[in-house]
Amino acid sequence: MSDPHSDRNVQREVSALEAESATAARLFDIRRIIGGLFVVYGVIVTIAGLLASDAELDKAQGVNINLWTGLGMLLLGLFFLAWLRLRPTAPPPPAREDTGEDA
């Protein structure tokens, strides 16, 4: 019978957990989170700028600050997402398989 806690079984479980951890690290890359939030908020603020009334524009001395800020946020968010796409996180090095033989 094989022991469930043998070195080979433990090594296989460790390798599987490392692969899952690397996948989670790529999923929660800070560039994805920041880029996504800036894009969402940029869309909201841009829409608010497009729907601004004359009274709101007069408050800002004729500058549609919501429109310009929203467009800036959209550009920044798209920059982060493009950066993530062009320079993804490096995958972890492949797990080294121990053969159990000593040299």
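The structure reproduced in this document is the subject of the present report. (Residues numbered from 1 in each chain as written. Predicted model: local features only at pLDDT ≥ 70, side-chain atom pairs only at ≥ 80, totals over all residues. Heavy atoms only, no water.)

Here's the deal with unusual backbone geometry
Logical step 1: Although it is not a glycine, Q61 adopts a positive phi angle of roughly 55°.
Logical step 2: With respect to the secondary-structure elements, Q61 resides in the loop between α3 (54-59) and α4 (65-86).
Logical step 3: A residue is classified by how much of its surface remains accessible, and Q61, at 74% relative accessible area, is exposed. (Helix = DSSP H or I, 4+ residues; strand = E, 2+ residues; numbered from the N terminus. Buried < 20%, exposed > 50% of the residue type's maximum accessible area, 1.4 Å probe, protein only.)

Examining a nonpolar patch on the surface
Logical step 1: Side chains of F28, I30, I33, L37, V40, Y41 and I44 sit close together on the surface and give an oily, nonpolar patch of about 700 Å² of accessible area.
Logical step 2: Mapped onto the secondary structure, Y41 falls in helix α2 (residues 30-50).
Logical step 3: Given the relative accessible area of 45%, Y41 is considered partly exposed. (Patch = residues over 30% accessible without salt bridge, like charges linked within 9 Å, V, L, I, M, F, W, Y side chains within 5 Å. Areas by Shrake-Rupley, 256 points an atom, 1.4 Å probe, with all protein chains shown as cover. Salt bridge = Lys/Arg side-chain N within 4 Å of Asp/Glu carboxyl O.)

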